[in-house]
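The chain contents come next:
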Amino acid sequence: MLNLANLRTLLSRVLAPPELHTVALFTPEGDLVCYASDPSKTKDHVRVLVGLSTETWQETREQNVGMVECELGNVVVLPVEGTKQAEGDEPPMLLALNADRSIPFDVLEVKKKASPVQPQAPPANDTYLTTSSAPKPPGRPDPYALVAPQLKELRETLLNLLGSSHPSLTEIAKYYFLHPSKQLRPLLVLLFSQATNGLGSGWYLKKWAAECEGAGGRAEELDRPLTRADVLNDWNPNMPDHTASFQTSFTLRSPRPPHQPPLPPPFPPALHVPTVEYPLALLPTQVRLAQIVEMIHVASLLHDDVIDKSPLRRGAASAPAAFGNKLSVLAGDFLLGRTSAALSRLGENEVVELIASVIANLVEGEILQLKSMHAEELGIAGLSPKVGQENWNIYLQKTYLKTASLMAKGARAAVVLGGCKEGEVWKEVAYAYGRNLGIAFQLVDDILDYEAGDATLGKPGGADLQLGLATGPALFAWEEHPEMGPLIKRKFEQPGDVELARDLVRRSSGVERTRDLARAHADKAKEVLAVLPDSEAKGALEVLTERVVKRTS
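Residues numbered from 1 in each chain as written. Predicted model: local features only at pLDDT ≥ 70, side-chain atom pairs only at ≥ 80, totals over all residues. Heavy atoms only, no water.

Asks: Quick one: what's the story with the overall build of the protein, residue by residue and with numbers?
Replies: Scanning the protein for helices and strands turns up 22 helices and 7 strands. Contacts spanning at least 24 positions in sequence make up 74% of the contacts within the protein whose residues lie at least 6 apart. With the model as given, the accessible surface of the protein reaches about 26,400 Å², and the carbon-plus-sulfur share is 54%. (Helix = DSSP H or I, 4+ residues; strand = E, 2+ residues; numbered from the N terminus. Contact = heavy atoms within 4.5 Å. Areas by Shrake-Rupley, 256 points an atom, 1.4 Å probe, with all protein chains shown as cover.)

Asks: Residue-level account of the pattern of salt bridges, with values.
Replies: Taken as a whole and judged by the stated rule, the model has 24 salt bridges. A salt bridge links Lys402 to Glu366; the nearest nitrogen and oxygen atoms lie 2.9 Å apart. Here Glu366 lies in helix H13 (residues 349-378) and Lys402 lies in helix H14 (residues 389-417), a separation of 36 residues in the sequence. Its relative accessible area of 7% is what places Glu366 among the buried residues. (Salt bridge = Lys/Arg side-chain N within 4 Å of Asp/Glu carboxyl O. Buried < 20%, exposed > 50% of the residue type's maximum accessible area, 1.4 Å probe, protein only.)

Asks: Help me get a handle on the nonpolar core, residues and values and all.
Replies: Ranked by size, the top nonpolar core spans 105 residues in total, and within it Phe192, Leu289, Leu335, Val351, Ile355, Tyr433 and Met484 carry the most contacts. If you tally residues by element for this core, the top one is H14, at 14 residues. Every residue in contact with Val351, bar those within four places of it in the chain, is listed here: Leu289, Leu343, Leu346, Ala413, Val416 and Leu417. (Core = buried A, V, L, I, M, F, W, Y, C linked by side-chain atoms within 4.5 Å.)

Asks: Go over the packing of aromatic side chains with me, naming the residues and quoting the values.
Replies: Summed over all chains, the structure comprises 5 aromatic pairs. Between the aromatic rings of Tyr175 and Tyr176, the centroid separation amounts to 5.6 Å while the plane-to-plane angle is 40°, which identifies the pairing as tilted. For Tyr175, a relative accessible area of 15% puts it in the buried group. Residue Tyr176 is classed as buried on the basis of its relative accessible area of 0%. (Phe/Tyr/Trp six-rings, centres within 6.5 Å; stacked < 30°, edge-to-face > 60°.)

Asks: Break down helix H12 (residues 325-344) for me, with residues and values.
Replies: With 20 residues, H12 should cover 28 Å at 1.5 Å per step; its first-to-last C-alpha distance of 29 Å lies within 8% of that length. The complete set of buried residues in H12 reads Ser328, Ala331, Gly332, Phe334, Leu335, Leu336, Arg338, Thr339, Ala342 and Leu343. (Expected span 1.5 Å × (residues − 1).)

Asks: Talk me through the confidence of the model for the protein; I want residue IDs and the actual numbers.
Replies: Across the protein, the average pLDDT comes to 78, with 67% of residues at 70 or higher. Taken as a whole, residues 1-8 scores under 50 in pLDDT and shows 31 contacts with residues more than four places along the chain or in a different chain. Note on residues 98-106: pLDDT under 50 across the span, and 25 contacts to partners over four residues away in sequence or across chains. (pLDDT = per-residue confidence, 0-100.)

Asks: Please provide a residue-by-residue account of unusual backbone geometry, values included.
Replies: Here the residue pair Tyr278 and Pro279 is connected by a cis peptide bond, since its omega of 0° sits within 30 degrees of zero. Here Pro279 shows up in the loop between helix H9 (229-232) and helix H10 (284-308). Notably, Lys309 is not glycine yet its phi reads approximately 55°, a positive angle. Summarising the element assignment, Lys309 is placed in the loop between H10 and strand E6 (312-313). Phi at Lys491 is positive, roughly 60°, even though this residue is not glycine. Along the chain, Lys491 turns up in the loop between helix H19 (484-489) and helix H20 (497-506).

Asks: Run through the environment of Val429, naming residues and quoting values.
Replies: Residue position: Val429 is located in helix H15 (residues 426-451). For Val429, the residues in contact, after removing those within four places along its chain, are Phe192, Val528, Leu529, Val531 and Leu532.

Asks: Please provide a residue-by-residue account of helix H7 (residues 184-196), values included.
Replies: Along its 13 residues, H7 runs 18 Å from first to last C-alpha, staying within 8% of the 18 Å computed at 1.5 Å per residue. Burial runs high along H7: 13 of the 13 residues are buried. Just past H7, the residue Gly198 takes up positive phi, approximately 105°.

Asks: Which residues make up the side chain of Ser164, and what are the values?
Replies: Positionally, Ser164 belongs in the loop between helix H5 (148-158) and helix H6 (167-175). Relative accessible area serves as the criterion here: at 8%, Ser164 is assigned to the buried category.

Asks: Tell me about the packing of H14 against helix H18 (residues 472-480), and please be specific about residues and values.
Replies: At a closest axis distance of 11 Å, the pairing of H14 and H18 adopts a crossing angle of 170°. Taken together, the axes of H14 and H18 are roughly antiparallel relative to one another. Contacts between H14 and H18 involve Asn391, Trp392 and Tyr395 from the first element and Gly472, Leu475, Phe476, Trp478 and Glu479 from the second. Here the residues of the contact of H14 with H18 sort into 5 nonpolar, 2 polar and 1 charged. (Axes fitted to C-alpha atoms, helices over the stretch in contact; angles between N-to-C directions. Parallel < 35°, antiparallel > 145°, perpendicular 65-115°, else oblique. Nonpolar A, V, L, I, M, F, W, Y, C, P; charged D, E, K, R; others polar.)

Asks: Can you lay out the packing of H7 against helix H22 (residues 536-550) for me, pointing to particular residues and giving the numbers?
Replies: Look at H7 against H22: their axes get within 8 Å of each other, and the N-to-C directions meet at 145°. The two elements H7 and H22 meet at a crossing, and its hand is left-handed. Residues Leu184, Leu187, Leu188, Leu191, Phe192, Gln194 and Ala195 of H7 touch H22, and the partners they reach there are Ala537, Lys538, Ala540, Leu541 and Leu544. Residues belonging to the contact of H7 with H22 are distributed by class as follows: 10 nonpolar, 1 polar and 1 charged. (Left-handed = near helix turned anticlockwise from the far one by under 90°.)

Asks: Can you break down the environment of Arg412 residue by residue, with the values?
Replies: Mapped onto the secondary structure, Arg412 falls in helix H14. The sequence separation of Arg412 and Glu350 amounts to 62 residues, and the corresponding C-alpha distance is 9.8 Å. Beyond its immediate sequence surroundings of up to four residues, Arg412 is in contact with Glu350, Leu354, Lys427, Glu428, Ala430 and Tyr431.

Now the structure itself:
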């Protein structure tokens, strides 16, 4: 083994070429000895290659230094000589990962020969960072099967967040959660958490907070109010703290002693190696976030079904049909209130900002939809009288605001909760994936409104046309059949308009072109995943991009 002080000297010399930014020392068994990275150099994605095969070692040992091509790119291999080892054992190897360009062999060879470093035995108190061997190459698992136990538990414990002092409010708040759903939004949160936990430089702190009592990241701590219950006055029979009685006047209370959180352990950031946690891990804060995004989604459904006067949802009577409009609106508001409280306990300001902006986006998206449906009544400009990019921009913007925003920002928030900091690419991957997947999902949903029936969709087929909405298939059909324009302009209000519009869509390539557009977004979502290290969660996210386009319900 090398003394860490001597090792850092060696690493600094190897890092000198401008093309290199990261080096790591491994034993032939795949144990990481040390890692160094030049903070002043621009970095691409860093992956850790654990060990090299015997054949690869044989190819490079005679040259003293060599370049190996592999799926991670060009890897510089530098034997470290002078270590004590049993006869026949191979010396450790120095690997320079992810060079921006190929480096001539002689550059490193000259540097090594000019200033050889003779390693010494490490002192007894020296510290080493080790990692277990890499898992077997991941396959392409079923996305839902990979996190099925977590989704089941998430759904069951979520109901505990919905209790109210008003039984009727509790009943309607839980109504949509008791019917089968795709759970796509919590699925994205869970999969992106698993695919990126361990990569962010703040992961060690997040993991510590999830394990250390008093740090605020344990599951039971996420249910504890930050403020006294008699101040919140948010009575939930499923939570331990109840509110004070209203039978007497409220007296001044002594303040609670401030909470003293435990001090986090010291951990030198320079030693962080971006490696996916294995076995795949989920933090309690990320599971709670998955519940929060599903609650926001259901709140939006409650409001949408009132606005759209929808009789069906998830194969059953909609909440407005079952409970009336007023209770449905109040239940949606109640859900948003509970999500806001749960959000505050996650302890991450960026996540609060992301999810709060989702709620604003949902409202903005609904306004855009109302604008296209009731422009004249509202006294605002609606769709352009001619098919063109402006109408497409409005349609796709509404699609993002009402559907993709929650998926994109939910996935990004999950990665932030896993310790990803500003300047690290992982949360950018999550947002780009969620945005593209969300738009693809909604485009296919708009196709199904033309292709599927009530039983398949769990809601009325042809609902968009009945509401006066021109979605992707209709906009594409307008390009091929100008007579679609007047139908769109009058919101399909006259007798026979809906049937004629459906016929024009069938006689056009509107459905196929909309599916192509969905496929393009799904392909882009899959493409951005290339930045992530391979894992089962990444494979599941790739599978999801394919299923979204092929789905029939």
